[in-house]
Amino acid sequence: MGSINQYIELYNENHQAIARHSSAALNARREKALSLIDGKQLPHRGVEGFEKTSIEEMFAPDFGVNVNRMNIPVNVAASFKCDVPNMSTWMSYIVNDMFHVPANARNNMPSGVIVDSLNSPQSQNIVAQYYGTIANNADPAVALNTLLVQDGVLVYIPRGVKLEKPLQLVNIFSSPIDLMAMRRLLIVVEENAEAQLLICDHTQDSEHNYLSSQVIEVYMGKNARFDLYDIEESSKKTARYSRLFARQESGSNLLVNGMTLVCGNTRNSYDIDVVGDNCETMLAGMAIGSGNQHADNSSNVNHRAAHCRSSQLFKYVLDDQSTGAFEGSILVSPDAPYTEAYQSNRNMLASQQARMHTKPQLEIYNDEVKCSHGATTGQLDASALFYMRSRGISEKEARLMLMQAFMADVIETVRMEGLRDRLRHLVEKRFYGQQTLCADCGISCHDNK
Amino acid sequence: MDLKTGDDSSIKGNTRDKGEEDRGLINDVTSSEYKYGFVTDIDTDIIPKGINEDVVRLISQKKGEPEWLLEFRLKAFRHWLTLEMPQWAHLDIPTIDYQAISYYAAPRKKEGPKSLDDVDPELLDTFNKLGISLDEQKLLSGMAVDAVMDSVSVKTTHKEKLAELGVIFCSFSEAVKDYPDLVKRYLGSVVSYRDNFFAALNSAVFSDGSFVYIPKGVRCPMELSTYFRINASGTGQFERTLIVADDDAYVSYLEGCTAPMRDENQLHAAIVEIVVEDRAEVKYSTVQNWYAGDKDGNGGVYNFVTKRGLCRGDHSKLSWTQVETGSAITWKYPSCILAGEGSVGEFYSVAVTKNRQQADTGTKMIHTGRNTRSTIVSKGISAGYSQNSYRGLVKVAPNADGCRNYTQCDSLLLGPNCGAHTFPYIDVLNDTAVVEHEATTSKINEDQIFYCNQRGIPTEEAIGLIVNGYAKEVMNKLPMEFAVEAQKLLQITLEGSVG
């Protein structure tokens, strides 16, 4: 049997300790999750949709879980800062799998807004109401996350509240041993509320093997507006399996932009359930691969209500022996007339050994629709390269410029100006293979190339 | 079953009472739905239902096959036993009882026809109804036809003329007898019996089919054509087509198929293998019009076909064109393996589904040679309660430099209850490849219908017009005679499917 058993065993041995450190709402879901994974196997290459990324293999090393909540590094805020110039944010941290919020980090936050641990007393009402109701436990890895998770973040924006500056969450791996972190986010944006969340995913120590299993649940009330930017700059020894589940009520507007700048073995899945009329959904993503990195994005936009629009844009630039995979699907149910759904996947292979696998899909059960998808895989345009060369730009420089230009429209989807500039800078540095240092930060995010 | 009594236990298909009357009646009532739904009252040799090693041996024995072919069948059968029916397609396939099918049905021969006069007149009548030019007057129309009924080849025309050029066009069983070396060399070389469930089944029980060999440098002067017809009830059709185009050869091959209307489902599991050598070109066109079941989804043919061509030679070319209007369920992916340097693969398809039809069809373009090119144009049209899926693979191997693929798949939805789906798989393992895919799904453009209405064209006709325009890109790739037929077929198929 599969690697899931070692974690079931771990749970059976430690369930008291796990329960002791978690709130009642988290504990309430565990038994159900256990029954769902019993006898199941984690998705592997034989499973449709996981041809290029085996979750089974990701979980195969017998990772330890910080059951007893040890090793809390002190004062992360002082040693670590993902600074975005010209943009101030409300910052909080997840170190491995534990939530931290600096003392002064919630200054001026409108009342009623909660950014806190899933275990904190003030979170409990909301957590009890929404936690585990949006994520689909049919994926054994999601059920495993529900089974083992001990902490996570609740972002709660009450009705009508519009945050004037973005929230920022920094995920850090920092541990002297190989470690698996079960991360969980619950985001509730109520009616007419607006918020933006920037997640930065980092690995502090590139010597150890880490695995993050992340489940994000997003609930959007009527006419809510929410932007989620998820930037991964981890290490080549970091594996990541992230699943985002969102439910959109009518009139809501969701933007998700996932950027994989540095990774080891990454799989991101986005499942958007559009249940209310007149929703807007924008899913964007980019991956820059080099070395042996592997980046896999999968999207599933499920239209279940009328007059909605969704758009997807995913771009990859793959160098060296890196591999990329994209699997996007648009599903329009019979209850979703007047849907407009588009999807685009553009990939560039920059080396002989780079590999790209793509599978854009449409499943349409309604005739009142306009849907399309497009996918291309190719290389740099030779005539554009020649144009630049003939104007005295060195080949290397020209290539890098064209690659940056290629990624420009993914960055354009970002609705925060400061972040857009920062991203341009990060992408540029990434292509040049240079280290980037944020002000006051001890980690150089690009030394893992 | 006892081998010796195998022949005796054959039953006659000639058991229908009032055959004439029934036929007339059925024709009258249903001709608008499916005009090929008649049953021909001819003496048929059917073996009992079920499949086991003895049945495989019996089929081989009935065909008087050599030992090596029996061995091939048995290997395939034993492999088939280890397989399960594939479930990955976007199809809802009812459980098929493989023991309830008779695996061999042949129009009973009276010492083999020597000329047209000796061929069963009922049979000729059938093919006349189908509009196949079997008889002398139509020899002038210049198309060589091999007609396969219940998977046994009944007549091949124009043989002598083709023989002058060295072109071999005959039934598979004749080829086994007359050209065993060629058959042995190419049989299973493109579609191995290990390929998939239906390929294994076909390899075990195939009864006949067509064999084409075009020698070096010969441009086949006429279109070769095969008509397939399932006639006997309770049988499956398992034919095999093998086409070999040697260096610098050219051939255009047409395939058409029909079946009677029956309440039960009939299984059609065929294999088509094509080998294209240096600078040769093969054009394979299909107009598939198997009985699709009635409007409630009763009956109809299950069309589970493996078609694949190997462009082995440099600068070889293989072009698939298909117009799919029939079958209750279609599971079919005509493919090209582009191994020769600079070889070209093409796939043009129109698939129409209505009522309760289901289709999961597309192509595979596997680029393993340098500078190979492929084009895929797929047009899906779904109406009624049907489900129509495009599923395709474009793969560029690591050493295949300079490959180019362009894929376009459009789906048109007529009515609120049908579904149109696209599942393309694109695997690029080489950085010099350029692979493009685009797909759109939408309903028929209301502005265009309005424009037609305004000029006095009723909606139904307008839709026919628009759909024909939409499918034109593919229809243009069909040979003349076929294009006319296909266009008519498209029109008939869409009749009554517009609310």
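Because the structure is a prediction, the values reported are computed rather than measured.

Novice: How should the side chain of B:T353 be read in this particular structure?
Specialist: Residue and element names in this part refer to chain B. By the element assignment, T353 lies in strand β18 (residues 344-353). Residue classification places T353 among the buried residues on the basis of a relative accessible area of 1%. Engagement of the side chain of T353 in a polar contact is seen with the side chain of S386, the distance being 2.8 Å. Once residues within four sequence positions are removed from consideration, T353 is found in contact with A359, I381, S382, A383, S386, Q387 and N388.

Novice: What should I look at first to understand the packing of helix α3 (residues 67-81) of chain B against helix α9 (residues 197-205) of chain B in this one?
Specialist: Two quantities define a packed helix pair, namely the angle between the axes and the distance from one axis to the other. Residue and element names in this part refer to chain B. For the pair α3 and α9, the least separation of the axes is 7 Å and the interaxial angle reads 145°. As α3 packs across α9, the resulting crossing turns out to be left-handed. For the pair α3 and α9, contact is made by F72, R73, A76, F77, H79 and W80 and by F197, A200, L201, S203, A204 and V205, respectively.

Novice: Would you explain the nonpolar core in this entry?
Specialist: Ranked by size, the top nonpolar core spans 98 residues in total, and within it A:I157, A:F226 and B:L224 carry the most contacts. Discounting residues that sit within four places of it in the chain, A:I157 has contacts with A:V113, A:L163, A:L167, A:V188, A:V189, A:E190, A:A193, A:E194 and A:A195. With 58 residues, the next largest nonpolar core counts B:A89, B:L91, B:V176 and B:L201 among its residues.

Novice: Can you help me understand helix α3 (residues 30-37) of chain A in this one?
Specialist: Structural remark: α-helix, 3.6 residues per turn; residues separated by three or four positions point the same way. All names here are of chain A. All of the buried residues along α3 are R30, A33, L34 and I37. What you see down the axis of α3 is that its buried residues fit within an arc of 100°, all on one side. Those residues of α3 that are exposed and angled more than 90 degrees off the buried face are E31 and K32. Those residues of α3 hidden inside the fold are in contact with α1 (4-20), α2 (24-28) and α7 (140-148). G39 sits one or two residues past α3 and shows a positive phi near 80°.

Novice: I keep staring at unusual backbone geometry and nothing clicks. Help me out?
Specialist: Glycine aside, residues mostly have negative phi angles, and peptide bonds mostly take the trans form. All names here are of chain B. One non-glycine residue, H315, lies in the positive phi region at around 55°. Mapped onto the fold, H315 is located in the loop between β14 (300-311) and β15 (317-324). Of the residues examined, H315 reaches a relative accessible area of 53% and is grouped as exposed. In this model, N355 sits at a positive phi of 45°, which is unusual for a non-glycine residue. Here N355 is to be found in the loop between β18 and β19 (358-361).

Novice: Mind showing me how you'd approach the packing of aromatic side chains here?
Specialist: The geometry of an aromatic ring pair is captured by the separation of the ring centres together with the interplanar angle, meaning the angle of the planes. All names here are of chain B. Summed over all chains, the structure comprises 23 aromatic pairs over all chains. Taken together, a centroid distance of 5.5 Å and an interplanar angle of 80° make the contact between F172 and F206 edge-to-face. In this pair, F172 is assigned in helix α7 (residues 172-178) and F206 in the loop between α9 and β7 (208-214), connecting sequence segments 34 residues apart. When sorted by exposure, F172 lands in the same class as F206, which is buried. Seen in terms of ring centroids, F198 and W331 are 5.1 Å apart; in terms of plane orientation they differ by 70°. Their pairing is edge-to-face. One end of the pair, F198, is in helix α9; the other, W331, is in strand β16 (residues 329-332), and 133 residues separate them in sequence.

Novice: Looking at this model, I keep getting lost on the interface of chain A and chain B. Mind explaining?
Specialist: One frequent convention defines the size of an interface as the accessible area lost when the parts assemble. If you look at the interface, chain A gives 33 residues, while chain B gives 34 residues. Interface of chain A and chain B: buried area, both sides summed, is about 2,700 Å²; carbon and sulfur atoms make up 45% of it. Sorting the residues of chain A by area buried against chain B places A:Q352, A:Y365 and A:D367 first, and these three jointly supply 20% of that buried surface. If you look at where chain A meets chain B, you find 2 salt bridges. Between A:K52 and B:D427 there is a salt bridge, and its shortest N-O distance comes to 3.9 Å. Linking chain A to chain B there are 18 residue pairs in polar contact (both at pLDDT 80 or more). Here the residues of the side of chain A that touches chain B are counted per class, giving 11 nonpolar, 13 polar and 9 charged. Bridging between strand β19 (residues 369-378) of chain A and strand β25 (residues 434-443) of chain B involves 8 bridges; their strand directions are antiparallel.

Novice: Help me understand the environment of A:D230 in this model?
Specialist: All names here are of chain A. Within the secondary structure, D230 sits in strand β9 (residues 225-233). For D230, a relative accessible area of 5% gives the class buried. Apart from residues no more than four positions distant in its own chain, D230 is found in contact with I199, Q214, R240, N257, G258 and M259. At a separation of 2.8 Å, a polar atom in the side chain of D230 contacts the side chain of R240.

Rules and cut-offs
- Residues numbered from 1 in each chain as written.
- Chains lettered and ligands numbered in written order.
- Predicted model: local features only at pLDDT ≥ 70, side-chain atom pairs only at ≥ 80, totals over all residues.
- Heavy atoms only, no water.
- Helix = DSSP H or I, 4+ residues; strand = E, 2+ residues; numbered from the N terminus.
- Buried < 20%, exposed > 50% of the residue type's maximum accessible area, 1.4 Å probe, protein only.
- Polar contact = N/O pair within 3.5 Å; in protein donor to acceptor, adjacent residues only side chain to side chain.
- Contact = heavy atoms within 4.5 Å.
- Axes fitted to C-alpha atoms, helices over the stretch in contact; angles between N-to-C directions.
- Left-handed = near helix turned anticlockwise from the far one by under 90°.
- Core = buried A, V, L, I, M, F, W, Y, C linked by side-chain atoms within 4.5 Å.
- Arc of directions from axis to C-beta.
- Phe/Tyr/Trp six-rings, centres within 6.5 Å; stacked < 30°, edge-to-face > 60°.
- Buried area = accessible area lost by both parts, 1.4 Å probe.
- Salt bridge = Lys/Arg side-chain N within 4 Å of Asp/Glu carboxyl O.
- Nonpolar A, V, L, I, M, F, W, Y, C, P; charged D, E, K, R; others polar.
- Pairing = 2+ DSSP bridges.

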